[in-house]
Amino acid sequence: MELVIQNDLREIETLTRFVEQFAEQHKLPPKLSFQINLALEELVTNIISYGYSDAGPHKIRLVLHMADGRLTAEVEDDGCAFNPLEAPPPDLDVPLEDRPVGGLGIHLVKNMFDSMDYRRENDKNWLILTKNHVNVGAT
Amino acid sequence: MRECIIKKEEADELDIVRLDGALDSYSFPRLETTLNGLRDSQRNRVILDCGGLDYISSAALGALIGFARRARENGGDLKLVRLSPKIYNIVELLGFHKILEIHSELDEAAAKFRNG
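Caption draft 1: Just the nonpolar core, in detail. Grouped together as the largest cluster of nonpolar side chains are 76 residues, with contacts concentrated most on Leu40(A) and Leu19(B). With 10 residues, the top contributor of residues to this core is helix H2 (residues 30–50) of chain A. Apart from residues no more than four positions distant in its own chain, Leu40(A) is found in contact with Leu15(A), Val19(A), Leu62(A), Leu64(A), Ala73(A), Val75(A) and Leu129(A).

Here you go:
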């Protein structure tokens, strides 16, 4: 399944519906649907909020694919080069008074999927998330 | 996902903010507005009832950190109650369970405020 959205946070709702439809189609367990939605929302929010050096319209393409118990989620954007694999892990032991408010989304994404691959090609970021051994039809 | 309904009620010297629905990157500024309103009225003892919350993004959790920090600076706190396992899982993954007070029941959090 494929979805193309604009760089507008209002599109998060469209993204959520897209994930729900995909989950329904493949009878994914609610927990997995929740994880996919959370990971994609974090990534798309990062792209929309910090990914562009101009204020113009941009497209973000998302593809969800399920085959042989393996789920892949692909995110493609034409924002500034950003490799989330190089993002340093947050220090989760920092006390409240010193805790930065942001920078946690990528950490969540890494925890929701088994692997992440990134490449920069044709001035676009391509991120592929993979989850193995998905129990289709589970409740 | 359900749009988040945010209800605020005053109970003695406490404020209870009840969340029902999903708080994503688009909708969380509404919670921020509610919390900023409390801060501006010097209401720094707040319980966030997450019993009806079925989704939260890191951006929304970040807003809670900002409020909790200011509340503590002013002698108050933000306590979270009634988190579902999947919401608690996110809170835990982000290490927020170490810096925010979490209670299973509202009465428990209210008692903690009263007894210090």
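Caption draft 2: A look at the sheet that holds strand E4 (residues 115–121) of chain A. All names here are of chain A. Ordered in space as E1-E2-E3-E5-E4, the 5 strands form an open sheet in which the pairing is antiparallel. Looking along the sheet, the strands with just one partner apiece sit at the ends: strand E1 (2–6) and E4. Across the sheet, the mean angle separating the axes of adjacent strands is 15° when strand polarity is ignored. As paired strands, E4 and strand E5 (residues 124–131) are joined by 7 bridges and run antiparallel to one another. Following the sheet pairing, Glu 121 is matched in E5 by Lys 124. Of the strands in this sheet, E1, strand E2 (59–67) and strand E3 (70–77) touch helix H1 (residues 12–25), which is tilted by about 15° from E2.

Caption draft 3: Region of the structure containing the interface of chain B and chain A. Contact with chain B, which involves 24 residues of that partner, is made by 27 residues of chain A. With both chains or domains summed, chain B and chain A bury close to 2,200 Å², and 64% of this area falls on carbon and sulfur atoms. For chain B, the biggest contributors to the area lost against chain A are Tyr55(B), Arg69(B) and Leu93(B); these three give 26% of the whole. Between chain B and chain A we count 1 salt bridge in total. Across the pair Asp93(A) and Lys98(B) runs a salt bridge, and its minimum N-O distance is 2.5 Å. One can count 7 residue pairs in polar contact (both at pLDDT 80 or more) joining chain B with chain A. Where the side of chain B that touches chain A is concerned, the elements lending two or more residues are strand E3 (45–56), helix H2 (58–73) and helix H3 (85–93) of chain B. In terms of residues, the side of chain B that touches chain A owes the most to one element, H2(B), which gives 8 residues. Classifying every residue of the side of chain B that touches chain A gives 12 nonpolar, 6 polar and 6 charged.

Caption draft 4: The arrangement of the layout of surface pockets in detail. Here the largest pocket is characterised by a volume of approximately 480 Å³. In terms of lining, the largest pocket is formed by 26 residues, of which the most central are Asn46(A), Gly102(A), Gly103(A), Leu104(A) and Ser58(B). Ranked by the residues each element gives to the lining of the largest pocket, the list is headed by H2(A), at 5 residues. Split into classes, the residues belonging to the lining of the largest pocket amount to 13 nonpolar, 10 polar and 3 charged.

Caption draft 5: Looking closely at the pattern of salt bridges. Residues and elements named next belong to chain B. What the rule picks out here adds up to 19 salt bridges over all chains. The shortest N-O distance in the salt bridge between Arg 18 and Glu 9 comes to 2.9 Å. Given a relative accessible area of 29%, Arg 18 falls into the partly exposed group. By relative accessible area, Glu 9 is classed as partly exposed at 34%. Notably, a salt bridge pairs Glu 101 with Lys 112, separated by 3.5 Å at the nearest N-O pair.

Cut-offs applied
Residues numbered from 1 in each chain as written. Chains lettered and ligands numbered in written order. Predicted model: local features only at pLDDT ≥ 70, side-chain atom pairs only at ≥ 80, totals over all residues. Heavy atoms only, no water. Core = buried A, V, L, I, M, F, W, Y, C linked by side-chain atoms within 4.5 Å. Buried < 20%, exposed > 50% of the residue type's maximum accessible area, 1.4 Å probe, protein only. Helix = DSSP H or I, 4+ residues; strand = E, 2+ residues; numbered from the N terminus. Contact = heavy atoms within 4.5 Å. Pairing = 2+ DSSP bridges. Axes fitted to C-alpha atoms, helices over the stretch in contact; angles between N-to-C directions. Buried area = accessible area lost by both parts, 1.4 Å probe. Salt bridge = Lys/Arg side-chain N within 4 Å of Asp/Glu carboxyl O. Polar contact = N/O pair within 3.5 Å; in protein donor to acceptor, adjacent residues only side chain to side chain. Nonpolar A, V, L, I, M, F, W, Y, C, P; charged D, E, K, R; others polar. 1 Å grid on protein atoms, 1.4 Å probe; cavity = no way out; pocket = protein on both sides within 12 Å on 5 of 7 lines; lining within 4 Å. Points joined across faces, edges and corners; volume = space filled by probe spheres on them.

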